[in-house]
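So you can see what is in the structure, the chains are spelled out below.
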Amino acid sequence: MAGSKMKLELSRVVQGKGRLGVLKGLGRTGQHSLKIPGCLLYTHFGSVPHLTQDTLHTMRDLPSVTQVTLSTIAEHQEVLEEFKDGFRKFAGLHDTVLYCSLHDPATSCPTGHTTNKTVSVWGSGGRIELTAAKFMALQRTIQPDWYQSMADGETWLSDTSRKRVRKSVDRTLAHLDECLLVHKNSQEFEGAEILGVVEGGDILEERLRSARETAKRPVGGFCLDGFQAGSMDQALRTQLINAVTKELPEDKPRLLQGVGQPDEVLACVGAGVDLFEAFFPFQVTERGCALCFSFDISPDPERAGSAPSTVLELEQERDAPVEAQQNGDNMVDGQTQMTSFEMNLKDKRYQDDFRPLVEGCGCYCCRNHKRAYLHHLLVTNELLAGVLLMIHNTAHYQGFFSALREALATDKLDLLQRRVLSKGDRPGGKSE
Amino acid sequence: MASTIERGAPPNALGSNMSLKKALSAASPLSLRIVAECPVTKARACDLILPHAAVSTPVFMPVGTQGTLKGITVDQLEGLGCQICLGNTYHLGMRPGPDLIEKASGLHGFMNWKKNLLTDSGGFQMVSLVELSEVTEDGVKFKSPYDGKEILLSPEKSISIQNSLGSDIMMQLDDVVSSTVTGPRVEEAMHRSIRWLDRCIAANKNPDRQNLFAIIQGGLNAELRKKCLEEMTQRDVPGFAIGGLSGGEEKDDFWRMVTLSTDHLPREKPRYLMGVGYAVDLVVCVALGCDMFDCVFPTRTARFGSALVPWGSLQVKHKQYAKDLQPIDPDCHCPTCRRHSRAYLHALFKNDTAAMHHITIHNISYQLTLMRSVRQSIVEKRFPEFIQAFMKRMFPSPDQYPSWAVDALTSVNIKLE
Ligand SMILES: [Zn+2]
Ligand SMILES: [Zn+2]
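Residues numbered from 1 in each chain as written. Chains lettered and ligands numbered in written order. Predicted model: local features only at pLDDT ≥ 70, side-chain atom pairs only at ≥ 80, totals over all residues. Heavy atoms only, no water.

## Looking at empty space enclosed by the protein
All names here are of chain A. Evaluated as defined, the whole model comprises three cavities of 30 Å³ or more. Estimated volume of the largest cavity: approximately 50 Å³. Around the largest cavity, the lining residues are L40, L41, Y42, V48, A278, P281, M390, T394, Y397 and Q398. Broken down by secondary-structure element, the contributors of at least two residues to the lining of the largest cavity are strand 5 (41–42) and helix 15 (383–409). If you tally residues by element for the lining of the largest cavity, the top one is helix 15, at four residues. By residue class, the composition of the lining of the largest cavity is eight nonpolar, two polar and no charged. (1 Å grid on protein atoms, 1.4 Å probe; cavity = no way out; pocket = protein on both sides within 12 Å on 5 of 7 lines; lining within 4 Å. Points joined across faces, edges and corners; volume = space filled by probe spheres on them. Helix = DSSP H or I, 4+ residues; strand = E, 2+ residues; numbered from the N terminus. Nonpolar A, V, L, I, M, F, W, Y, C, P; charged D, E, K, R; others polar.)

## Some remarks on the coordination of the zinc ion (ligand 1)
All names here are of chain A. Those protein atoms acting as donors to the zinc ion (ligand 1) are C361 (SG), C363 (SG), C366 (SG) and H392 (ND1), and they sit at 2.1 to 2.3 Å. Sequence spacing of the donors to the zinc ion (ligand 1): C-x1-C-x2-C-x25-H. Of this pair, C361 sits in the loop between strand 16 (342–344) and helix 13 (364–368) while H392 sits in helix 15, placing them 31 residues apart in sequence. Across the pair, exposure class does not vary: C361 and H392 are buried alike. (Donors = N, O, S within 2.8 Å, 3.2 Å for Na, K, Ca; no water. Buried < 20%, exposed > 50% of the residue type's maximum accessible area, 1.4 Å probe, protein only.)

## Looking at the domain arrangement of chain B
Residues and elements named next belong to chain B. Here the domain parsing of chain B yields domain 1 (34–294) and domain 2 (302–381). Just the C-alpha atoms count here: the centres of domain 1 and domain 2 sit 28 Å apart. The interface of domain 1 with domain 2 comprises 31 residues on the first partner and 18 residues on the second. Across the domain 1 to domain 2 interface the summed buried area is about 1900 Å²; carbon plus sulfur atoms make up 74%. (Domains from an automatic or database assignment. Contact = heavy atoms within 4.5 Å. Buried area = accessible area lost by both parts, 1.4 Å probe.)

## Concerning the coordination of the zinc ion (ligand 2)
Residue and element names in this part refer to chain B. At this site the zinc ion (ligand 2) is bound by C332 (SG), C334 (SG), C337 (SG) and H362 (ND1), with donor distances of 2.0 to 2.3 Å. Coordination at the zinc ion (ligand 2) is tetrahedral, judged from the four donor atoms that bind it and the angles of 102 to 117 degrees they form at the metal. Within one chain, the residues serving as donors to the zinc ion (ligand 2) are arranged as C-x1-C-x2-C-x24-H. With C332 in the loop between strand 16 (312–315) and helix 14 (335–339) and H362 in helix 16 (residues 354–379), the pair connects residues that are 30 residues apart, well separated along the chain. Per residue, the accessibility class of C332 equals that of H362, and both read buried. (Tetrahedral: all angles 85-135°; square planar, octahedral: opposite > 155°, others 65-115°.)

## Topic: the side chain of B:H108
Residue and element names in this part refer to chain B. As for its position among the elements, H108 is in helix 6 (residues 106–111). Here D168 takes part through its side chain, which lies 3.0 Å from a polar atom of the side chain of H108. For H108, the contacting residues outside a window of four places in its chain are H52, W113, K115, N116, L117, L165, G166, S167 and D168. (Polar contact = N/O pair within 3.5 Å; in protein donor to acceptor, adjacent residues only side chain to side chain.)

## So, the environment of A:A290
All names here are of chain A. Mapped onto the secondary structure, A290 falls in strand 15 (residues 289–291). Along the chain, A290 and L180 lie 110 residues apart, while their C-alpha atoms are 42 Å from each other. Setting aside residues no more than four positions away along its own chain, A290 makes contact with V284, F341, E342, M343, L345, L357, L389, H392 and N393.

## Details of the interface of chain B and chain A
Between chain B and chain A, the contact holds 40 residues from the first and 43 residues from the second. For the pair chain B and chain A, the two sides together bury roughly 3400 Å², of which 60% comes from carbon and sulfur. Of all residues in chain B, B:K323, B:R339 and B:Y344 give up the largest surface area on contact with chain A, accounting jointly for 19% of the area buried on that side. Along the contact surface separating chain B from chain A lie four salt bridges. The shortest N-O distance in the salt bridge between B:K103 and A:D352 comes to 3.8 Å. In this assembly, chain B and chain A are joined by 17 residue pairs in polar contact (both at pLDDT 80 or more). Within the residue set of the side of chain B that touches chain A, elements represented by two or more residues are helix 3 (74–79), helix 5 (98–103), helix 6, helix 14, helix 15 (342–348) and helix 16 of chain B. Sort the elements by how many residues they give to the side of chain B that touches chain A and helix 16 of chain B lands first, with five residues. (Salt bridge = Lys/Arg side-chain N within 4 Å of Asp/Glu carboxyl O.)

## Considering the pattern of salt bridges
Following the criterion strictly, the structure yields 51 salt bridges over all chains and no others. Across the salt bridge formed by A:D85 and A:K89, the nearest N and O atoms sit 3.9 Å from each other. What makes A:D85 partly exposed here is its relative accessible area of 42%. We note a salt bridge from A:R212 to A:E247, for which the minimum N-O separation is 2.9 Å. You can see A:R212 sitting in helix 7 (residues 204–216) and its partner A:E247 sitting in helix 8 (residues 234–247), a full 35 residues away along the chain. By relative accessible area, A:R212 is classed as partly exposed at 42%. A network of salt bridges, in which partner residues are shared, links B:E137, B:D175, B:R185, B:E188, B:R192 and B:R195.

## Considering the domain arrangement of chain A
Residues and elements named next belong to chain A. Under the domain assignment, chain A is made up of domain 1 (7–277) and domain 2 (288–296 + 339–425). When each unit is reduced to the centre of its C-alpha atoms, the spacing between domain 1 and domain 2 is 27 Å. On the side of domain 2, 28 residues touch domain 1, which itself brings 28 residues to the contact. Interface area, domain 1 with domain 2, both sides summed: about 2400 Å², of which 74% is carbon and sulfur. The interface formed by domain 1 and domain 2 holds two salt bridges in total. Two residues, D414 and K17, come together in a salt bridge whose shortest N-O distance is 3.1 Å. Run the count over domain 1 and domain 2 and you get six residue pairs in polar contact (both at pLDDT 80 or more). Put simply, the parts of the chain that give the side of domain 1 that touches domain 2 at least two residues each are strand 1 (7–14), strand 2 (18–26), strand 3 (32–36), strand 4 (38–39) and helix 9 (262–270). The leading source of residues in the side of domain 1 that touches domain 2 is helix 9, at five residues.

Okay, structure coming up:
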């Protein structure tokens, strides 16, 4: 097996609460590290949506692992083959660990195209069918540091039969074996890691079988697939993930695919998940919204009170209860539905609001611009809206993960949970 | 950067004799220092001191119509060396409206732009964008596309909005007629523009903070242009724009009107040629004596994947670049070219809007760099050589030089090789 330097150092494991630690020795030269619980940097073809390297690097402490998806890269195999130096260099990304997943977590892909030997991905030019051999040939040109093994993840529809779920587990294991065989025999994968994929839909025994079998293989870590939003409720998801992670070795990271809402992240970290894909801030950006949920767990009693610095003042929200209802969770924007963790900046009430998106936020957007300006950019359909929102939402989401790690370290998870879940006060919030 | 070069350069003989750094008028928040004049052409390099920063001319001003420059942050724009950009009064007057912008401490505050802003009068957009417009002596009447209400944009109203926007340079409301229209309507528009200039001057509430530029009209008629120049140059305005051109007229007519205008404009005030931004037009019109330019073209074309290069343009989305691993322009030092290949940008266009931002940055950088090179060559007294090299690079062979450019340059003593 190609020698990877990756090592997971756990500093704290609280049963039912989560695992705190650092993934060290990342990347082919081993100079990167990533704190867990944490998230990856979500990109479209290597670019964080809407951002250039200049705007991206207005943020500090970005995740050291960049996620790219095979679905967008597959159609560019030819040029990557000619280029020879891998996708990271091709995309102008220099100082990052590259992780390649099969699908884009923010795009649902059509079902019904998986066979015993193939899976399909959808790029801008349509469907591309992959055998394990083709999949590995692609990975060879991409040269990622980590990559998700080929997997049949078509179990998330509610009417998936037990037989179909079992087939998905079998196929995924067979794909993994094929990938591993090529992986260990190719010099190009020296220092790279395969993440094995745990399938099993909503059937506990299939989940356990998938986890146990995958754990027997020489994988660098695990992708937990088939838990994405819409596939099951959080209680079942937590229960299944709990069961799965008990079967996985302590010393390897677990990446949960397709889950990103803060409340769900908290529950899944509690169930033993280490890593998430950061597509949620992108979805929020696409619907013209800004993340504004509180994650302030500082001991300062004034800040911890009813008006935490990270959240907008409550009195203003009470001024406009009618609008809050109109723009609540029922709103469908051609995109994903708005959640209670965000504010809808297209709302008229922000037109003359000269406060930053989130008081106290240190992101480029909040340091330089006001809600009124963002509102203006959104109603005039200006491209800068996406840029500024993406910066803020990414920074806010990173801040949440940082608070989550701090809470794990200082036994403040309950407080964090209360902060994050304190709905009803924010625009678009449900009353609970 | 440019200023270091200037200090090293020998002072212009003409300039030092005539003590060029003179205050135009006690109240005017603008001063123009002529740094160098081309001994061959009418080109000049100046420092234009405006309330928010000094601007090195000749200058290209990117257009940020709605208080934002097409996906580029103000820091990125400043990072490219931009010292002045445009906002459109018509758009901003509609949304978010002058009251809101005034509350945000003007357009500078609203968009958080620290350098200079120039705003147009709003008249041009109205005539070109809004169908139901009617021009009377009072102003331009139109129906709001948002609520259908009838609105009159008078000279006073235009200035009042621009006063709220707080721009460093405001434009007078002029009576715009298409440059292809001929006959009495052109004359009427010219005379009306003069009357409206007087009303604009009287309406300016902030003459100590905001410069009002006159706009020379007169269509393609030399006599009308001269008449307009004669009248307008008698007004105490801090600068002049050459208007009514760049609207589809023959290039032969265009350059003649430009050079006629600069012949009659006072040397000590800035000259702004409106709506001009193609590289060849910029270089030729600098030779004809213009200092300032604006155009939506470089940013608009960027969003369609068209990158400006010294040899014309490069369509990044075209298939031929799918495997081209060079930067857009290997000699370009912009953030895009320093990091990304044509092939990557080609593929990124299929995946994310960031691809557009990359080209927009490159194109703004191209325009600003071009003008900096023009300026430097004027300062170093080698502008004629610069033009020769520029044209050679832009066109595959001299027989493809546009005849109007050849003629225009000949008129200022440049014989293209
Ligand atoms: Zn922020
Ligand atoms: Zn460039």
